[in-house]
Amino acid sequence: MPAYCDVSLPVPLDQPFTYALPETLRHRVRTGCRVLVPFGARKLAGVVVRTHDEHPAAAAREALRLLDEEPALNDELLNLGRWIASYYCAPLGETLRAMTPLAGEIRRGKIYSLTPGGRDAARQLHLSENGADPASEILRMLDARPLSGAYLARKIEKAAHALRSLEKRGFIAAEDVAAERDPLRASSARLRVEFLARATGTIPKIERELLSYLELHPGTHNLAELETVIPRSGRAARSLARRGLAKLALQPLHASAAAPDAPRVLNPHQQEAFDKIRAAIEAKQFETFLLQGVTGSGKTEVYLRAIDAALAEGRSAIMLVPEIGLTPAVAAQFFERFGERVAILHSAFHDSERAQQWRRIRAGEAGVVVATRSGIFAPVRNLGLIVVDEEHDQSYKQQETPRYHGRDVAIVRARDAGAVVVLGSATPSLESRYNADRGKYQRLLLPERIEKRPLPKVQLIDMREEFLETRKQATFSRDLVEAVTARLENGEQAMLLLNRRGFSSFVACRACGERVQCRNCSVTMTYHRRDRRMLCHYCNWSAKVPDRCPQCESDFMQFIGLGSERVEDELHGAFPKARIARLDRDTVGGKRDYETILSAFRAGDYDILVGTQMIAKGHDIPNVTLVGVVSADIGLGLPDFRAAERTFQLLTQAAGRAGRGETPGIVLIQTINPDHYAIRFAAAQDYEAFYAKEIEFRRMMSYPPYAALASVVVRAAQEEEALTRSAALGRLLQPPPPGLKVLGPAAAALARIKNEYRYQMLLKSSSRKLLNQTLRELQRFAAAEKWNPATLAIDVDPVTIL
């Protein structure tokens, strides 16, 4: 039996750490299991990547506890994690942590105790009987016994500040502790209780009453509902579960209790696409399909049929969607078709809910997984199909380490599993379409809407001409006002898009021109009228709305620009009888808020829905016959080579929300750049023309897909440090190796975010191997110079270079 194990820990150090295995664990620990180990003063959960008998050079500390009897990550997922760590230049430990949702099962905290100096200070307090401040109270309490930070925070006001002060003065010491989270501590609304056995001894009255009720009413009961029948039954149920007299389990996550839905009849284009996908699934061979279909062409039904085909072959399927908000709508369709075989995975769930679904998948109870980006790591058995819906969406790219792209990881995982990948979109990314043209992907077309419904008519409104004719700087053009009025009169619905939050974009002084900026970032703050505050959308720092200019003391402050909040306000003024809802990050606090607003709009409780890009993706609401784009120009001027592509995709997707029912739809796009090719081709709904124009630009400028790209950002609290270190990297790459282009270093477009100065380099190469070698060389240089690991941020295949 192996005496040692190498553990990959979630720390920014790209190396495994060797630990000794106690006798009790040697026959139980396997590769892929999670173990709790000491790391400095902390206790961390890591993944075992190897077991062996090789004696380490230095004495190895002992592993503390095994967290999984069954491996959390099998060999297939471990190999996928190694590929991600290598390709995206990320530490393996942080990669493996991102691949499992079970971190929430570990409850972390700190235990505080007195140092010798602290005991002397506490003794002096006892002798003097002085000191009623929080620090003195903490010293007195710790003199009796060590206490947790959570307990001290409950007992003493402002304990956190006092603890930091005492620790800095050397009076107390903190030890990180970790323990498995008690699943019975979940909220009552998420637990179900069931009778197991009668009590043989004496138990409290409330527990006896609850046990009798459960015995008389067989089956499982929601604990929150039970508390309305038997008060205080929540605590009693948890006590009975610990005694083994009742069973507590998390509420299953089901979107629908309806009977399985019958497949719909496919049109010829859908049938042709499905036949090719089914043939690849039955052949059990890896293949990537690009399913390119106009909005409303029935891509989802093709997905469902393909999943049916995979299940018929005894294989599993993963369906990825780009946004948390899309998951409930998509999941409802999947529950109707596949019932209990569906599992849901996304970050809006509580830790225990995600772990519950993950364990169902690993146990083979769920063969269909509907998930957002991280769902690509679901431990499905015998994977046969991966569907990536709206594959162009940039939310598939993770913005923290590991900075992986869910679409590309899906293709690699399917390749290793001999599975089929279907990438679906009305506006494929240029990379995917280019790969289809080169023969790497097989392109399938759905050129028309289902039931031969027409695409919406799109009209461009030049807001420059509108101003010349009306002499008014209006938010809504006359045509848009008339169109909304007509929809309200006909009992139809409208959606208005403005891809910017807040009421006003920024506040400026009309006397000196000073703009109100964030104190932590090099950006202006946005005015949010509902909250009566200025807010930074990068670090969330907020401030009061200024009455006077902070620079010249002038009281001539002007609110400039508009956001979705102001659009909603002006709609109320223009249409006082209309029922209006807004959908953006300011109105949505979680997945349930998102569902509530969308469900109410779908049910006809609102006439107009205004919002940011959240309203433009994937929603199928038949009564929407008008989509208005308040300003198509937002995003076009960003210093990013993908700006035109994102604008085209957003406008095309937004236009696709109109006319999905029996009544044809119209789309009105307001712009001051009607001649820009992204806007012109979006209005014409002509993807082919846009692709031809944009791909030529990428070829001339050597941007993806004609070159591999990486963004290297150096971050530091002091600007001079960031500048010096980025210059050192620049010198390291001079002259650049043959086949590599280096742009920069230079101050990033967003030069400071969250009190960190940022300097950036862009590396381009036609050889991915050369690019990866260069990035590894930069990492080795940073390590040799003993930089903080967070100083160097590497993003391979970035979706934005801001």
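Residues numbered from 1 in each chain as written. Predicted model: local features only at pLDDT ≥ 70, side-chain atom pairs only at ≥ 80, totals over all residues. Heavy atoms only, no water.

Asks: Any details on the pairing of strand E29 (residues 666–671)? Residues and values, ideally.
Replies: Within E29, 5 of the 6 residues are buried, which leaves it mostly tucked inside the rest of the structure. Examined bridge by bridge, strand E19 (residues 457–462) and E29 share 6 bridges and lie parallel to one another. Paired with Gln459 across the two strands is Leu668, which belongs to E29. Relative to E29, strand E28 (residues 624–629) runs parallel, the two being bridged by 4 bridges. Its bridge partner being in E29, Gly628 is matched across the sheet by Leu668. (Buried < 20%, exposed > 50% of the residue type's maximum accessible area, 1.4 Å probe, protein only. Helix = DSSP H or I, 4+ residues; strand = E, 2+ residues; numbered from the N terminus. Pairing = 2+ DSSP bridges.)

Asks: Give a detailed account of the state of the cysteines, specifying residues and quantitative values.
Replies: All told, the structure shown has 0 disulfides when counted by the stated rule. In this structure Cys512 is a free cysteine whose sulfur lies 3.6 Å from that of Cys549, the closest cysteine sulfur available. As a non-bridged cysteine, Cys552 has Cys509 as the owner of its nearest cysteine sulfur, 3.7 Å distant. A relative accessible area of 35% means that Cys552 is categorised as partly exposed. (Disulfide = S-S within 2.5 Å.)

Asks: Requested: an account of helix H24 (residues 719–732), with residues and values cited.
Replies: The first and last C-alpha atoms of H24 sit 20 Å apart over 14 residues, in line with the 20 Å expected at 1.5 Å per residue. Along H24, the positions that sit buried rather than exposed are Ala722, Ser726, Ala728, Leu729 and Gly730. Residues of H24 that are buried sit in contact with strand E30 (708–716), strand E31 (740–753), strand E32 (756–765), helix H25 (768–784) and strand E33 (792–796). (Expected span 1.5 Å × (residues − 1). Contact = heavy atoms within 4.5 Å.)

Asks: Explain the pairing of E31 to me, and be specific about the residues and the numbers.
Replies: The sheet contact formed by E31 and E32 spans 8 bridges and is antiparallel. The residue of E32 that forms the bridge with Lys741 is Lys764. Hairpin connection, E31 to E32: the antiparallel pair is bridged by 2 residues, and Lys754 has positive phi, about 55°.

Asks: Summarise the confidence of the model for the protein; cite the residues concerned and give the values.
Replies: Across the protein, the average pLDDT comes to 89, with 93% of residues at or above 70. Predicted confidence for residues 255–259 stays below pLDDT 50, and this span has 7 contacts to residues more than four positions away or in other chains. (pLDDT = per-residue confidence, 0-100.)

Asks: Can you tell me about the sheet that holds E29, naming the residues and giving the values?
Replies: What the 6 strands build is an open sheet, ordered E19-E29-E28-E20-E27-E26; its pairing is parallel. The open sheet has two edge strands, E19 and strand E26 (580–583), and neither has a second partner. Averaged over neighbouring strand pairs, the angle between their axes works out to 15° when direction is ignored. One ladder, built from 5 bridges, connects strand E20 (residues 493–497) with E28; its direction is parallel. (Axes fitted to C-alpha atoms, helices over the stretch in contact; angles between N-to-C directions.)

Asks: Could you give an account of the nonpolar core, with specific residues and numbers?
Replies: Buried together is how nonpolar side chains tend to be arranged in soluble globular proteins. If you look at the biggest cluster of nonpolar residues, it comprises 61 residues, and the most contacted ones within it are Val712, Leu763, Leu775 and Leu778. A per-element tally of this core places helix H2 (residues 75–87) first, with 6 residues. With residues near it in sequence (within four places) discarded, Leu763 still touches Ala708, Leu709, Ala710, Val712, Leu733, Leu740, Lys741, Val742, Leu771, Thr774, Leu775 and Leu778. Among the nonpolar cores identified, the runner-up in size contains 39 residues, and Leu430, Val588, Ile669 and Ala678 belong to it. (Core = buried A, V, L, I, M, F, W, Y, C linked by side-chain atoms within 4.5 Å.)

Asks: Explain the packing of helix H8 (residues 205–216) against helix H10 (residues 233–243) to me, and be specific about the residues and the numbers.
Replies: Running from N to C, H8 and H10 point in directions that differ by 80°, and their axes come no closer than 9 Å. Relative to H10, H8 is oriented roughly perpendicular. Together, Ile206, Glu207, Leu210 and Leu211 of H8 and Ser233, Ala236, Ala237, Ser239, Leu240 and Arg243 of H10 make up the contact between the two elements. (Parallel < 35°, antiparallel > 145°, perpendicular 65-115°, else oblique.)

Asks: Which residues make up the packing of aromatic side chains, and what values do they have?
Replies: This model, assessed by the stated rule, comprises 15 aromatic pairs. Ring plane angle 65° and centroid distance 5.2 Å describe the contact between Phe377 and Tyr404, whose orientation is recorded as edge-to-face. Here Phe377 is found in the loop between strand E15 (368–371) and strand E16 (383–389), whereas its partner Tyr404 is found in the loop between E16 and helix H15 (406–417), with 27 residues between them in sequence. Considering the side-chain rings of Tyr687 and Tyr691, the 6.1 Å spacing of their centres and the 15° angle between planes classify their relative orientation as stacked. (Phe/Tyr/Trp six-rings, centres within 6.5 Å; stacked < 30°, edge-to-face > 60°.)

Asks: So what about unusual backbone geometry? Which residues, and what values?
Replies: Residues Pro704 and Pro705 are joined by a peptide bond in cis, for which omega reads 15°. Mapped onto the fold, Pro705 is located in the loop between helix H23 (687–701) and E30. A cis geometry characterises the amide bond from Gly744 onward to Pro745, with omega recorded as 10°. By secondary structure assignment, the location of Pro745 is in strand E31. Here Lys158, not a glycine, exhibits a phi torsion of approximately 60°, which is positive. Tracing the backbone shows Lys158 in the loop between helix H6 (149–155) and helix H7 (159–168). Phi angles above zero are rare outside glycine, and Asp797 is one such case at about 55°. The class for Asp797 is buried, based on a relative accessible area of 14%.

Asks: For the pattern of salt bridges, give the residues involved together with the corresponding values.
Replies: Across all of its chains, the model carries 50 salt bridges by this definition. Measuring nitrogen to oxygen at the nearest pair gives 3.5 Å for the salt bridge that ties Glu492 to Arg487. Neither residue differs from the other here; Glu492 and Arg487 are each classed as buried. Members of the salt-bridge network, linked through shared partners, are Glu431, Arg642, Glu645, Glu694 and Arg698. (Salt bridge = Lys/Arg side-chain N within 4 Å of Asp/Glu carboxyl O.)

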